[in-house]
Amino acid sequence: MRHTFERAFLDTCGGIAVVTLNHDATINALSTAMVESLNAALDMVERGGFRALVLTGAGRGFCSGADMNELAARRKEGAGNVLEKVFHPLLRRLRDLPMPIVTAVNGPAVGFGMSLALMGDLIVASRTASFLLSFTRIGLVPDGGVTFLLPRLVGLARAREMALLADRLTADRALDWGLVTCVVDHSQLMDEASGLARRLADGPSALALTRQLFWDAGAFEAQLAREAGAQQQAGATDDFTEGLAAFQDRRVPRFSGK
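Residues numbered from 1 in each chain as written. Predicted model: local features only at pLDDT ≥ 70, side-chain atom pairs only at ≥ 80, totals over all residues. Heavy atoms only, no water.

Asks: Report on the overall build of the protein, specifying residues and quantitative values.
Replies: The helix and strand inventory of the protein stands at eleven helices and ten strands. Computed over C-alpha atoms, the radius of gyration of the protein comes to 17 Å, within 12% of the 18 Å expected from 2.2 N^0.38 for 258 residues, which places it in the range of a compact globule. When burial is assessed residue by residue, the protein has 53% of its 258 residues classed as buried. In the protein, of all internal contacts separated by at least 6 residues, the share reaching a separation of at least 24 is 72%. A total accessible area of about 11600 Å² is found for the protein, and carbon and sulfur atoms account for 54% of it. Each charge class in the protein was averaged separately, 27 positive and 28 negative side chains, and the resulting centres sit 2 Å apart. (Helix = DSSP H or I, 4+ residues; strand = E, 2+ residues; numbered from the N terminus. Rg over C-alpha atoms; globule rule 2.2 N^0.38 Å. Buried < 20%, exposed > 50% of the residue type's maximum accessible area, 1.4 Å probe, protein only. Contact = heavy atoms within 4.5 Å. Areas by Shrake-Rupley, 256 points an atom, 1.4 Å probe, with all protein chains shown as cover. Lys, Arg positive; Asp, Glu negative; His and termini not counted. Charge placed at Lys NZ, Arg CZ, Asp CG, Glu CD.)

And the structure:
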């Protein structure tokens with residue numbers, strides 16, 4: 001059965017729920033409307049007695065990160081304040097969900113979209129998937145809890161490399177680094193993700209407790225706060241003004257270091 005929301009849809013089958021980001025025009029960017037749609041879908045998931053969740057994207061990619069047009073419009077609020085008001089509650093909700101999560105990364109996972117992908121307990125990547133921490137390209141710092149999650153997955157040196165150099169990581173290299181659980185042909189992505197979700201859904205209630213044991217909620221909260229504070233500072237710089245203008249003009253930014 002399918003339930004459709006403004007920018008997402010929910011499919012259900014037995015004890016499995018599949019939530020799909022669905023706004024191909026922005027490659028599933030995390031706008032306020034997208035976050036509201038995801039929350040509406042998660043409302044139904046939490047009420048439905050499901051045993052496992054698959055999170056994926058429709059169209060050309062998994063998620064292109066925060067909606068840049070909306071971010072520009074909300075700049076006066078401060079980047080850190082927008083994080084705490086709009087995005088952090090979604091991360092906390094996924095963290096505290098009483099069921100295992102499988103993320104099926106169907107294409108690029110960029111910026112906050114990469115953070116969203118890493119919220120999965122198991123991460124299945126299509127060979128067309130890629131991962132990119134694009135924040136420094138526009139004069140911002142990594143956020144979405146990625147400075148907590150990424151070093152735990154790939155180690156500090158590789159996490160710093162991704163964050164500082166903002167180079168794209170292919171699916172196969174992500175597997176080599178230990179970032180993802182497995183890589184499959186694009187045509188097999190949902191079958192693989194659904195198969196893993198079925199195994200989880202058929203497992204004991206202890207699986208929900210097990211996933212929580214891997215979360216250090218206090219450290220995650222502290223890092224979200226640190227990211228928000230740093231983003232508030234970065235979002236007020238001339239470099240972010242230039243980075244945002246360059247993104248909108250489709251040109252290379254000329255940073256001044258101010």
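Asks: Tell me about the nonpolar core, residues and numbers included.
Replies: Counting residues in each nonpolar core, the largest one holds 68 residues, and the members touching the most others are Leu30, Leu53, Met114, Phe131, Leu150 and Leu179. No other element matches the seven residues that helix 3 (residues 79–95) contributes to this core. Listed in part, the 15 residues of the second largest apolar core include Leu196, Ala197, Leu200 and Ala201. (Core = buried A, V, L, I, M, F, W, Y, C linked by side-chain atoms within 4.5 Å.)

Asks: How would you sum up the pattern of salt bridges? Please name residues and give values.
Replies: A pair can form between side chains of opposite charge whenever their charged atoms are brought close. Tallying each qualifying case throughout the model produces 14 salt bridges. For the salt bridge of Asp43 with Arg93, the shortest nitrogen-to-oxygen distance reads 2.4 Å. Pair noted here: Asp43 is in helix 1 (residues 32–47) and Arg93 is in helix 3, with a separation of 50 residues, a long-range link. When its relative accessible area of 18% is taken as the criterion, Arg93 is described as buried. Put simply, Glu221 and Arg92 hold a salt bridge, and the shortest N to O gap is 2.7 Å. (Salt bridge = Lys/Arg side-chain N within 4 Å of Asp/Glu carboxyl O.)

Asks: Explain the packing of aromatic side chains to me, and be specific about the residues and the numbers.
Replies: Throughout the structure, instances matching the rule amount to four aromatic pairs. Ring centres of Phe87 and Phe112 lie 5.0 Å apart, and the angle between their planes is 40 degrees; on these two criteria the pair is classed as tilted. Taken together, the positions of Phe87 in helix 3 and Phe112 in helix 4 (residues 112–117) put the pair 25 residues apart, joining distant regions of the chain. Using a relative accessible area of 6% as the deciding quantity, one classes Phe87 as buried. An angle of 70 degrees between the planes, with centres 5.0 Å apart, marks the rings of Trp215 and Phe220 as edge-to-face. Taking relative accessible area as the criterion, Trp215 reaches 13% and is therefore assigned buried. Given a relative accessible area of 0%, Phe220 falls into the buried group. The rings of Phe148, Trp215 and Phe220 are connected pair by pair, giving a single aromatic cluster. A cation sits over an aromatic face here: Arg2 above Phe9, 3.8 Å from the ring centre. (Phe/Tyr/Trp six-rings, centres within 6.5 Å; stacked < 30°, edge-to-face > 60°. Lys NZ or Arg CZ within 6 Å of the ring centre and 35° of its normal.)

Asks: Which residues make up the environment of Leu83, and what values do they have?
Replies: Inspection of the secondary structure puts Leu83 in helix 3. Once the C-alpha coordinates of Leu83 and Gly203 are considered, the two residues, 120 residues apart in sequence, prove to be 35 Å apart. Those residues in contact with Leu83 that lie beyond four places of it in its chain are His88, Pro89, Phe112, Asp143, Ala228 and Gln231.

Asks: Residues and numbers for the state of the cysteines, please.
Replies: Covalent bonding between the sulfur atoms of two cysteines is what defines a disulfide. Counted by the stated rule, this structure contains zero disulfides. Note on Cys13: no disulfide assigned, nearest cysteine sulfur contributed by Cys182 at a separation of 20 Å. According to the relative accessible area criterion, Cys13 is exposed, its value standing at 55%. (Disulfide = S-S within 2.5 Å.)

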